Amino acid sequence: MKLLEDMIRKNGTVLPGEVLKVDNFLNHQVDPKLMYELGGEFKRLFKDEGITRILTVESSGIAPAVMTGLQMDVPVVFARKHKSLTLIDNLYTATVYSYTKQVSNKISVDKRFILPNDRVLIIDDFLANGQAVQGLLEIASAAKVEVAGVGVVIEKSFQKGRKMLEKTGIHVEALARIASLANNEVTFVQD
Ligand code: G4P
Ligand code: NA
Ligand code: NA
């Protein structure tokens, strides 16, 4: 998506360890108009999938997920992160390991907020190693609902998340695909 690529070129910076810092429009300060446009693009890409609910994980997935829900006119639910969890009878849970931060978090969604027969669209800000999306897939599976798509704002195509998701056969879309962050330079996948 050209608008997003231009924004990344203009405002993104590359940090050591192949991390793309985009905290002035996505991860800290949020650009609402851009998020609304991203939501419209996800709506277009997933219009034939019969989506009834958006699922994301706090915190940075929430802004693009909410705007996608607004565009598609469906409810949005975000998984919460916990250090530990007790009293989980009312929750669907999964464990998410972050390679970047080298910590495991439990994530959970209240059973009231994923319903039988839902067709879920998972939205997240970054797809890197795919651990967050994997956790959301586990939650969807525990809830016995269909995941009809995964939409990510920025995919780091050189990390293993995309390949992992393609093996599942799920419809995956990324609005910007980054081939490389080597030499402090952002190179997009050519299409
Ligand atoms: P994964 O979910 O794809 O496996 O991501 P990974 O464990 O590699 O990364 C952990 C966190 O770092 C995730 O956010 C992920 O979105 C984010 N991340 C990964 N690569 C980049 C990057 O190049 N730039 C930025 N800005 N973030 C990146 P999180 O811990 O779930 O945090 P948040 O959603 O609360 O922000
Ligand atoms: Na995230
Ligand atoms: Na993040």
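- By the naming in an unreviewed UniProt entry, the protein goes by Xanthine phosphoribosyltransferase and is assigned to Secundilactobacillus malefermentans.
- The record in UniProt for the protein states the following under Function (unreviewed entry): "Converts the preformed base xanthine, a product of nucleic acid breakdown, to xanthosine 5'-monophosphate (XMP), so it can be reused for RNA or DNA synthesis."
- Recorded in UniProt under Catalytic activity (unreviewed entry), the annotation for the protein is "XMP + diphosphate = xanthine + 5-phospho-alpha-D-ribose 1-diphosphate".

## Digging into the coordination of the sodium ion (ligand 2)
Right, so step 1: Coordination of the sodium ion (ligand 2) by the protein comes from D124 (OD) and D125 (OD), over a distance range of 2.4 to 3.0 Å.
Right, so step 2: Relative accessible area serves as the criterion here: at 10%, D125 is assigned to the buried category.

## Section: helix α1 (residues 2–11)
Side chains three or four residues apart in an α-helix point the same way, a direct result of the helix having 3.6 residues per turn.
Right, so step 1: The set of residues buried in α1 consists of L4, E5, M7 and I8. Across the axial projection of α1, the buried residues extend over an arc of 160°, all falling on one side. Opposite its buried face, α1 presents the exposed residues K2, R9 and K10, each directed more than 90 degrees away.
Right, so step 2: Residues of α1 that are buried in the fold lie against β2 (19–21), α2 (32–45), β8 (146–156), β9 (172–180) and β10 (187–188).

## Quick look at the site of ligand 1
Right, so step 1: Near ligand 1 lie 22 residues; those nearest to it are L20, S60, G130, Q131 and K156.
Right, so step 2: Contacts to ligand 1 include T100, whose side-chain N or O atom sits 2.9 Å from an oxygen atom.
Right, so step 3: Looking at the shell around ligand 1, the element that brings in the most residues is strand β7 (residues 119–127), giving three residues.
Right, so step 4: Classifying every residue of the shell around ligand 1 by side-chain character gives eight nonpolar, eight polar and six charged.

## Brief notes about the packing of aromatic side chains
Right, so step 1: Counting across every chain of the model gives two aromatic pairs.
Right, so step 2: Ring geometry for Y97 against Y99: centres 5.2 Å apart, planes inclined by 85°, an arrangement best described as edge-to-face.
Right, so step 3: According to the relative accessible area criterion, Y99 is partly exposed, its value standing at 39%.

## Some remarks on the nonpolar core
Right, so step 1: L4, I8, L20, F25, L26 and I154 are the most contacted members of the largest nonpolar core, which has 30 residues in total.
Right, so step 2: Going through the elements one at a time, α1, α2, α3 (62–72), β7, β8 and β9 are the ones with two or more residues in this core.
Right, so step 3: Element by element, the count of residues in this core is highest for α2, at four residues.

## Some details on the pairing of β7
Right, so step 1: Within β7, eight of the nine residues are buried, leaving the element largely enclosed by the surrounding structure.
Right, so step 2: Taken together, the three bridges between strand β3 (residues 53–57) and β7 define a ladder with parallel strand orientation. Each bridged residue has a counterpart across the sheet, and for L55 the counterpart in β7 is I122.
Right, so step 3: Here eight bridges tie β7 to β8, and the two strands are oriented parallel to one another. By the bridge assignment for β8, R119 is matched with E146.
Right, so step 4: Regarding the hand of the β-α-β motif, the stretch spanning β7, helix α4 (residues 131–142) and β8 is right-handed.

## Notes on the packing of α2 against α3
Right, so step 1: One can describe the packing of α2 onto α3 by two numbers: an axis separation of 7 Å at closest approach and a directional angle of 55°. With respect to α3, the axis of α2 lies oblique. As for how α2 packs across α3, the hand of that crossing is right-handed. Only A63, P64, M67, T68, L70, Q71 and M72 of α3 make contact with α2, whose side of the interface consists of P32, M35, Y36, G39, G40, F42 and K43.
Right, so step 2: Class assignment of the residues belonging to the contact of α2 with α3 gives a composition of nine nonpolar, four polar and one charged.

## Concerning the sheet that holds β10
Right, so step 1: Pairing in this open sheet of eight strands is mixed, and the strands run β5-β6-β4-β3-β7-β8-β9-β10 from one edge to the other. Unpaired on one side and paired on the other, β5 (91–98) and β10 mark the two borders of the sheet.
Right, so step 2: Note: β9 against β10, two bridges, orientation antiparallel. Directly across from S180, in β10, lies its bridge partner T187.
Right, so step 3: The sheet contacts of α1 involve β8, β9 and β10, and relative to β9 the element is tilted by about 35°.
Right, so step 4: Lying on the sheet, α2 is in contact with β7, β8 and β9; it crosses β9 at an angle near 115°.

Rules behind the numbers
- Residues numbered from 1 in each chain as written.
- Chains lettered and ligands numbered in written order.
- Predicted model: local features only at pLDDT ≥ 70, side-chain atom pairs only at ≥ 80, totals over all residues.
- Heavy atoms only, no water.
- UniProt positions renumbered as here; feature names shortened; annotations may be inferred.
- Donors = N, O, S within 2.8 Å, 3.2 Å for Na, K, Ca; no water.
- Buried < 20%, exposed > 50% of the residue type's maximum accessible area, 1.4 Å probe, protein only.
- Helix = DSSP H or I, 4+ residues; strand = E, 2+ residues; numbered from the N terminus.
- Arc of directions from axis to C-beta.
- Contact = heavy atoms within 4.5 Å.
- Near = heavy atom within 4 Å.
- Polar contact = N/O pair within 3.5 Å; in protein donor to acceptor, adjacent residues only side chain to side chain.
- Nonpolar A, V, L, I, M, F, W, Y, C, P; charged D, E, K, R; others polar.
- Phe/Tyr/Trp six-rings, centres within 6.5 Å; stacked < 30°, edge-to-face > 60°.
- Core = buried A, V, L, I, M, F, W, Y, C linked by side-chain atoms within 4.5 Å.
- Pairing = 2+ DSSP bridges.
- Right-handed = clockwise from strand over helix to strand, strands pointing away.
- Axes fitted to C-alpha atoms, helices over the stretch in contact; angles between N-to-C directions.
- Parallel < 35°, antiparallel > 145°, perpendicular 65-115°, else oblique.
- Left-handed = near helix turned anticlockwise from the far one by under 90°.

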